[in-house]
Amino acid sequence: MAAKKPAAKTNVSGEELQKFYREMLLIRRFEEKAGQLYGMGLIGGFCHLYIGQEAVVVGLEAAAEEGDKRITSYRDHGHMLACGMDPNGVMAELTGREGGYSKGKGGSMHMFSKEKHFYGGHGIVGAQVPLGAGLAFADKYKGNGRVTFTYFGDGAANQGQVYETFNMAALWDLPVVFVIENNQYAMGTAQQRSTSSPDIHTRGESFGIPGEAVDGMDVLAVKDAGERAVAHCRKGKGPYILEVKTYRYRGHSMSDPAKYRTREEVQKMREERDAIDHVRQLLIDGKHASEEDLKAVDKEIKAIVSASADFAKESPLPAAEELWTDIYAEAT
Amino acid sequence: MATEILMPALSPTMEEGTLAKWLVKEGDSVQSGDILAEIETDKATMEFEAVDDGVIGHILVPEGTENVPVNTAIATLLEDGEEAGAAPAPAATPVASAPAQAAAPAAPTEIVSQADLTPDWPEGTPMKQQTVREALRDAMAEEMRGDENVYLMGEEVAEYQGAYKVSQGLLDEFGSKRVIDTPITEHGFAGIAVGAAFGGLKPVVEFMTFNFAMQAIDQIINSAAKTLYMSGGQMGAPMVFRGPNGAAARVGAQHSQDYAAWYAQIPGLKVVMPYSAADAKGLLKSAIRDPNPVIFLENEILYGRSFDVPAMEDFTIPFGKAKIWREGTDVTLVSFGIGMQYALEAAEKLEEDGISAEVIDLRTLRPIDYDTVLKSVMKTNRCVTVEEGWPVGSIGNHLAATIMQKAFDYLDAPVLNCTGNDVPMPYAANLEKLALVTTNDVIVAVKEVTYR
Ligand SMILES: Cc1ncc(C[n+]2csc(CCOP(=O)(O)OP(=O)(O)O)c2C)c(N)n1
Ligand SMILES: [Mg+2]
């Protein structure tokens with residue numbers, strides 16, 4: 001973990017900081033609400049919260065352009081909110097209702113939005129990595145200048161298909177940014193217990209893929225790195241690896257007894273490195289916002305999240321007939 | 001207003017738990033993220049965190065209480081400044097315990113009474129002799145000419161012209177953008193192809209043989225077959241996975257497996273297994289145009305075999321339409337792929353013994369043309385299935401079950417399944433012969449069901 005205190009950046013506008021603050025806070029409050037609904041039995045199965053990692057997607061989305069694609073694992077709520085998907089549709093998918101993005105048939109781990117170029121939501125650790133390179137393959141084939149952000153975890157980074165993909169992505173110069181969200185744990189396994197060398201971003205070296213480590217608790221650093229990566233891809237130079245060092249505050253999923261790390265470790269991260277607090281401080285210190293302004297933002301976000309929870313509770317269960325739809329596409 | 005803190009569900013299966021320990025007391029200020037209590041679930045002791053800021057009002061369930069049902073109010077939380085005595089807010093919205101669920105609707109009925117017996121091509125169409133290999137190549141070339149988004153990828157498909165020469169000439173015509181040699185990375189390139197299909201292309205993935213597709217089966221099933229459903233119809237994988245399947249000759253256990261029954265089990269996939277060159281061509285063209293992932297199972301031994309192929313432009317064969325190769329009255333033989341060779345040979349020999357066999361080639365295993373099979377069995381009252389794969393969970397098993405359910409009263413004998421034997425494929429020539437299904441197996445089975 002890059003433990004240094006993030007330096008205050010001056011070359012960033014108040015407007016942009018406010019946007020980051022808002023987007024990160026939306027994810028955090030949304031996830032807290034999802035945790036609550038899970039506790040009430042309204043959300044079932046596995047539910048992996050993104051709390052603590054908000055700066056990663058928010059920073060990278062700031063480096064993306066319209067038409068760029070993204071794909072990730074089951075820890076996907078933050079990615080969906082950050083690319084502009086409707087919180088109501090996401091929450092209703094968590095509760096398995098008709099109004100969810102997948103009509104209730106995908107659940108927390110399997111959601112998609114063609115409109116927002118969000119390609120899931122994948123429950124098999126590492127499977128999204130070749131899929132993401134394939135999206136980039138299609139874009140290169142069409143020559144449309146688009147870039148795909150392919151997110152995966154420090155645990156997923158040990159899957160063989162990741163290296164198969166690195167090889168082909170480099171061989172074919174695919175415009176894909178591999179974003180390794182290193183939150184230091186894969187379920188209960190700390191990175192040093194599963195990973196032979198700590199610097200995952202160097203794992204592209206033997207394929208000729210440049211990589212860098214990024215402070216994932218600093219949204220500005222993430223955005224900067226994202227811009228470098230995207231520029232590399234758009235120039236036709238092939239893939240780029242960002243190992244974003246981050247931290248998840250909550251358990252792996254809702255049913256995680258969290259015995260593999262100390263309470264103090266989590267508390268220390270939250271107190272010293274929280275990405276939202278960091279931007280909050282920059283806003284206040286730079287006089288871009290007053291406490292009052294931020295309270296108003298908090299209130300507005302709370303209202304959005306509560307509305308999404310209401311929608312997710314009220315949306316009906318999918319009709320029984322839905323059992324038999326969407327198995328095969330009809331020829332057009 | 002005071003809100004209730006409810007006993008949380010902390011695992012997918014938890015219905016009640018023990019409130020082991022309170023870590024806060026009445027009057028304590030808490031922030032979201034602070035641990036309120038330790039709760040024992042059926043699996044572990046877990047910490048329970050506050051999700052809102054506030055002050056603990058009343059503790060309603062003392063520590064040490066066992067069997068506290070999920071969603072019981074265990075404490076009240078006051079907003080800053082509120083009195084601890086304030087009455088708790090009315091119980092939170094009663095949890096929508098999933099509204100009563102009606103019984104699952106029956107599958108949209110797949111079996112209609114009318115079998116489609118129309119010919120595959122108009123009578124009088126000129127025919128030409130072609131090998132299965134050439135027919136497959138022509139099908140790909142024609143579809144690639146017609147649709148820019150169709151491309152071929154796989155090991156040795158381009159410069160080497162195909163490990164079995166199926167893609168002969170395609171690199172020359174379409175160039176290296178559309179005919180792509182991959183590294184030996186089945187899992188990886190299958191995943192890339194599925195992603196490319198999500199992204200709007202129509203990949204044709206050649207596996208050098210389907211034995212190696214086991215490396216990629218996660219991407220085929222979990223990513224290609226299931227995404228349309230999991231996305232509520234938003235996106236799927238219009239693509240073809242093709243290559244030789246089943247036993248070649250003398251290549252041993254790891255290179256000689258028939259995967260027909262495996263893939264036929266998966267909703268979301270379509271599965272094709274042609275026998276003749278005309279079917280190979282017409283079905284591969286349909287597969288490439290199909291908006292779903294299609295498993296196209298070829299056979300190395302059949303590649304070099306010649307058949308009549310209609311010499312017509314844009315000739316396709318629809319999925320789910322079996323072909324009756326021979327009409328007969330005494331027994332129905334149902335097969336597909338190389339099994340057809342044994343079924344047809346057996347029918348010929350049986351004729352010499354005065355037994356008239358009807359021979360049906362299923363051609364596609366998902367969907368399966370049940371109608372044609374049932375109609376035939378209702379006529380002959382006997383059925384023998386023939387396939388190269390293993391006996392347990394075979395296509396024949398499935399057909400036997402279906403025939404029993406739909407045409408029980410028509411049967412004069414049990415349906416018999418001729419399959420490969422239940423062993424890994426041996427190398428020795430004599431043992432390999434013993435492991436495979438043979439024409440003689442079919443004849444013996446037919447004599448059994450016709451009581452001769
Ligand atoms: C192929 C596969 N193996 C195991 C699992 C079970 N599993 C789900 S998440 C996970 C840990 C992954 O950790 P990481 O990649 O670091 O992602 P994070 O959860 O930290 O975001 C495991 C082992 C799975 N879903 N898929
Ligand atoms: Mg991790």
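Residues numbered from 1 in each chain as written. Chains lettered and ligands numbered in written order. Predicted model: local features only at pLDDT ≥ 70, side-chain atom pairs only at ≥ 80, totals over all residues. Heavy atoms only, no water.

Chain B is annotated in an unreviewed UniProt entry as Pyruvate dehydrogenase E1 component subunit beta from Shimia thalassica. Comment text from UniProt for chain B, heading Subunit (unreviewed entry), reads "Heterodimer of an alpha and a beta chain." (UniProt positions renumbered as here; feature names shortened; annotations may be inferred.)

Looking at an unreviewed UniProt entry, one finds chain A named Pyruvate dehydrogenase E1 component subunit alpha, with Shimia thalassica as its source organism. The Function (unreviewed entry) comment attached to chain A in UniProt states, word for word, "The pyruvate dehydrogenase complex catalyzes the overall conversion of pyruvate to acetyl-CoA and CO(2). It contains multiple copies of three enzymatic components: pyruvate dehydrogenase (E1), dihydrolipoamide acetyltransferase (E2) and lipoamide dehydrogenase (E3)."

**Regarding the overall build of chain B**
The secondary structure content of chain B amounts to 13 helices and 22 strands. Each of the three principal axes of chain B carries a C-alpha extent, and together these read 95 × 60 × 45 Å. By residue count, 55% of the 452 residues in chain B fall in the buried class. Taking the intrachain contacts of chain B between residues at least 6 apart in sequence as the baseline, contacts between residues at least 24 apart amount to 77%. Summing over all exposed atoms, chain B offers an accessible surface of approximately 18700 Å²; the carbon and sulfur share of this is 52%. A distance of 13 Å separates the average location of the 32 positive side-chain charges in chain B from that of its 65 negative side-chain charges. (Helix = DSSP H or I, 4+ residues; strand = E, 2+ residues; numbered from the N terminus. Buried < 20%, exposed > 50% of the residue type's maximum accessible area, 1.4 Å probe, protein only. Contact = heavy atoms within 4.5 Å. Areas by Shrake-Rupley, 256 points an atom, 1.4 Å probe, with all protein chains shown as cover. Lys, Arg positive; Asp, Glu negative; His and termini not counted. Charge placed at Lys NZ, Arg CZ, Asp CG, Glu CD.)

**Description of the coordination of the magnesium ion (ligand 2)**
Residues and elements named next belong to chain A. For the magnesium ion (ligand 2), the full set of protein donor atoms is Asp-154 (OD), Asn-183 (OD1) and Tyr-185 (O), and the range of their distances to it is 2.1 Å. Sequence positions of the residues that donate to the magnesium ion (ligand 2) give the spacing D-x28-N-x1-Y. Summarising the burial analysis for this pair, Asn-183 and Tyr-185 share the class buried. (Donors = N, O, S within 2.8 Å, 3.2 Å for Na, K, Ca; no water.)

**Details of the side chain of Asp-154 of chain A**
All names here are of chain A. Residue position: Asp-154 is located in the loop between strand E3 (148–153) and helix H6 (160–171). For the buried Asp-154, which has no salt bridge, the nearest side chain bearing the opposite charge is Arg-248, at an N-O separation of 7.5 Å. Within the structure, Asp-154 has its side chain in polar contact with the backbone nitrogen of Tyr-185 (distance 3.4 Å). What Asp-154 contacts, discounting residues up to four positions off in sequence, is Ile-180, Glu-181, Asn-182, Asn-183, Gln-184, Tyr-185, Ala-186, Gln-191, Thr-195 and Ile-200. (Salt bridge = Lys/Arg side-chain N within 4 Å of Asp/Glu carboxyl O. Polar contact = N/O pair within 3.5 Å; in protein donor to acceptor, adjacent residues only side chain to side chain.)

**Considering the packing of aromatic side chains**
Scanning the model with the defined rule gives 22 aromatic pairs over all chains in all. Centre to centre, the rings of Phe-166 of chain A and Phe-178 of chain A are 4.8 Å apart; their planes meet at 55 degrees, and the pair counts as tilted. A residue pair is termed long-range when its members are at least 10 positions apart, and Phe-166 of chain A in helix H6 and Phe-178 of chain A in strand E4 (residues 176–182) qualify at 12 residues. For the pair Phe-166 of chain A and Phe-178 of chain A, a shared accessibility class is recorded, and that class is buried. Consider the rings of Tyr-185 of chain A and Tyr-247 of chain A, whose centres lie 6.4 Å apart with planes at 75 degrees: the pair is edge-to-face. Highlighted residues: Tyr-185 of chain A in strand E5 (residues 185–186) and Tyr-247 of chain A in the loop between strand E8 (240–245) and helix H9 (263–273), separated in sequence by 62 residues. Like Tyr-185 of chain A, the residue Tyr-247 of chain A is buried in the burial classification. Sitting over the face of the ring of Tyr-160 of chain B, Lys-165 of chain B holds its NZ or CZ atom 4.4 Å from the ring centroid. Just above the ring of Tyr-427 of chain B sits the side chain of Arg-250 of chain B; from NZ or CZ to the centre is 4.2 Å. (Phe/Tyr/Trp six-rings, centres within 6.5 Å; stacked < 30°, edge-to-face > 60°. Lys NZ or Arg CZ within 6 Å of the ring centre and 35° of its normal.)

**Observations concerning unusual backbone geometry**
With an omega of 5 degrees, the peptide bond running from Arg-366 of chain B to Pro-367 of chain B counts as cis. We note that Ala-258 of chain A has phi near 55 degrees; this positive angle belongs to a residue other than glycine. Counting through the fold element by element, Ala-258 of chain A comes out in the loop between E8 and H9. Positive phi, close to 65 degrees, is recorded for Glu-156 of chain B, a residue that is not glycine. Within the element layout of this structure, Glu-156 of chain B appears in the loop between strand E10 (150–154) and helix H2 (170–174). Taking the relative accessible area as the measure of exposure, Glu-156 of chain B reaches 35% and is therefore partly exposed.

**Thoughts on helix H1 (residues 132–146) of chain B**
Along its 15 residues, H1 of chain B runs 21 Å from first to last C-alpha, staying within 8% of the 21 Å computed at 1.5 Å per residue. Among all positions of H1 of chain B, only Val-132, Ala-135, Leu-136, Asp-138, Ala-139, Met-140, Ala-141, Glu-143 and Met-144 of chain B are buried. (Expected span 1.5 Å × (residues − 1).)

**Things to note about the nonpolar core**
Counting 80 residues, the largest nonpolar core has Phe-137 of chain A together with Phe-207, Ile-220, Phe-241 and Tyr-263 of chain B as its most contacted members. Split by domain, this core shows at least three residues from each of two domains, domain 2 (127–310) and domain 3 (323–449) of chain B. Those residues in contact with Phe-241 of chain B that lie beyond four places of it in its chain are Ala-190, Val-194, Val-205, Phe-207, Phe-210, Ile-220, Ala-224, Pro-293, Val-294, Ile-295 and Phe-296 of chain B. (Core = buried A, V, L, I, M, F, W, Y, C linked by side-chain atoms within 4.5 Å. Domains from an automatic or database assignment.)

**A word on the sheet that holds strand E18 (residues 331–335) of chain B**
Residue and element names in this part refer to chain B. Taking strand neighbours across the sheet as the criterion, the 5 strands line up as E17-E19-E18-E21-E22 in an open arrangement whose pairing is mixed. Every interior strand has two partners, whereas the edge strands, strand E17 (323–326) and strand E22 (416–418), have only one. Taking the axes of each pair of neighbouring strands and ignoring which way they run, one obtains an average angle of 25 degrees across the sheet. Across 5 bridges, the pairing between E18 and strand E19 (residues 357–361) is parallel. Note that in E19 the partner of Leu-333 across the bridge is Val-359. Of the strands in this sheet, E18, strand E21 (383–386) and E22 are in contact with helix H13 (residues 439–449), which crosses E22 at around 175 degrees. (Pairing = 2+ DSSP bridges. Axes fitted to C-alpha atoms, helices over the stretch in contact; angles between N-to-C directions.)

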